[in-house]
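# Structure at a glance
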Amino acid sequence: MGFSAIWMNGRLVDAADARVSIFDHGLLYGDGVFEGLRFYGGRVFRLEPHLERLERSAAAIELALPHSRDELREALVAVVARAGVPDGYVRLVVTRGEGDLGLDPRSCKRPTTFLAAAPLSVFPGGGGVAVVIASTRQAGPDVVDPRIKSLNYLNRLLARLEAIRAGADEAIMLNTRGLIAEGTTDNVLLARNGALLSPPASDGALEGITRGVVFELARELGIPVREESLGTYDLRVADEVILVGTGAGLVAVRSVDGRALASCPGPLFRRLEPAFEALVRREV
């Protein structure tokens, strides 16, 4: 995927000039945070919650953001305007910055910040996606709090490789207690008896922005919503399974470990997806 617009450390740059030092601790140690944002019709969707989460993630790892929220807003507007496409994705990254080869973050004098915008297609359209339950586990809050959206995605990459080897589109990750955490890049929602269920952050789920939007829409539509711990049994016998994320949007799941689900897309998905699309049109 070629990025069509890039902003780096305070200015727009060409892709050929966008460079990160080999001594940057984001590269060396995965020391940094990021946000993925979607824009529609040239405007970023739910911008403020993403910036708030970036600030919380940075605070959690004691990383001082080098740019104010106003500066990041202006940068996002500039990048989206330069992207050349009405709809797309922006990756906002802040690393610890260039430092010594040792782990000590005090050697990093100034964080590196960049934004890159491009079109994005996460999953193939139509027919729903196939998922597998990965053997690679998601760390719980007693290891690394899942609410920190950090640059270290190795366990998610390993889980996605499991899905690829199995011929599936996505992998569902469990925590160390065998409870559902999330997908590699999305939250997992289950439908049971007309209610929408989702694992809590305490089970390893990211507090997703799109997940929160879907919860809002579900309540407006009169669909009960609950956070509760869920196991693989719940996943396999669910009336329907929905993946939600900034990049993916809302995606229906057709099978789990090769076993077809009862419905895809199911009745809740058919109500939520048009409501989500209508909300996006209203807001942007």
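For the structure itself, consult the block above.
Residues numbered from 1 in each chain as written. Predicted model: local features only at pLDDT ≥ 70, side-chain atom pairs only at ≥ 80, totals over all residues. Heavy atoms only, no water.

### A word on the overall build of the protein
Tallying secondary structure elements over the protein gives seven helices and 15 strands in all. For the protein, the C-alpha radius of gyration of 19 Å lies close to 19 Å, the compact-globule estimate for 284 residues. The 284 residues of the protein split such that 52% are buried. Once local pairs closer than 6 in sequence are excluded, the contacts in the protein between residues at least 24 apart make up 70%. On the protein, roughly 13000 Å² of surface is accessible, and the fraction owed to carbon and sulfur atoms is 52%. (Helix = DSSP H or I, 4+ residues; strand = E, 2+ residues; numbered from the N terminus. Rg over C-alpha atoms; globule rule 2.2 N^0.38 Å. Buried < 20%, exposed > 50% of the residue type's maximum accessible area, 1.4 Å probe, protein only. Contact = heavy atoms within 4.5 Å. Areas by Shrake-Rupley, 256 points an atom, 1.4 Å probe, with all protein chains shown as cover.)

### Observations concerning helix α4 (residues 154-165)
Compared with the 16 Å implied by 1.5 Å per residue over 12 residues, the 17 Å span of α4 between its first and last C-alpha is a close match. Count one or two residues on from α4 and you reach Gly 167, which has phi positive near 75 degrees. (Expected span 1.5 Å × (residues − 1).)

### Re the pairing of strand β6 (residues 112-118)
Of all the seven residues making up β6, six are buried; the element is thus mostly covered by neighbouring parts of the structure. In the sheet, strand β1 (residues 5-8) pairs with β6 via four bridges, with the strands oriented antiparallel. The residue of β6 that forms the bridge with Trp 7 is Leu 115. The sheet contact formed by strand β5 (residues 88-95) and β6 spans seven bridges and is antiparallel. Within the sheet, the bridge partner assigned to Val 93 lies in β6 and is Phe 114. (Pairing = 2+ DSSP bridges.)

### A short note on a nonpolar patch on the surface
Residues Ile 22, Phe 23, Leu 27, Leu 28, Tyr 29, Leu 101 and Leu 103 make up a contiguous nonpolar surface patch of about 690 Å² in total accessible area. Structurally, the position occupied by Leu 27 is in helix α1 (residues 25-29). (Patch = residues over 30% accessible without salt bridge, like charges linked within 9 Å, V, L, I, M, F, W, Y side chains within 5 Å. Salt bridge = Lys/Arg side-chain N within 4 Å of Asp/Glu carboxyl O.)

### Comments concerning the packing of helix α5 (residues 209-220) against helix α7 (residues 267-283)
The contact between α5 and α7 brings their axes to 10 Å, and the two run at 110 degrees. With respect to their mutual orientation, α5 and α7 come out roughly perpendicular. Seen from α5, the contacting residues are Thr 210, Val 213, Val 214, Leu 217 and Ala 218; seen from α7, they are Leu 272, Ala 275, Phe 276 and Leu 279. Residue composition of the contact of α5 with α7, by class: eight nonpolar, one polar and no charged. (Axes fitted to C-alpha atoms, helices over the stretch in contact; angles between N-to-C directions. Parallel < 35°, antiparallel > 145°, perpendicular 65-115°, else oblique. Nonpolar A, V, L, I, M, F, W, Y, C, P; charged D, E, K, R; others polar.)

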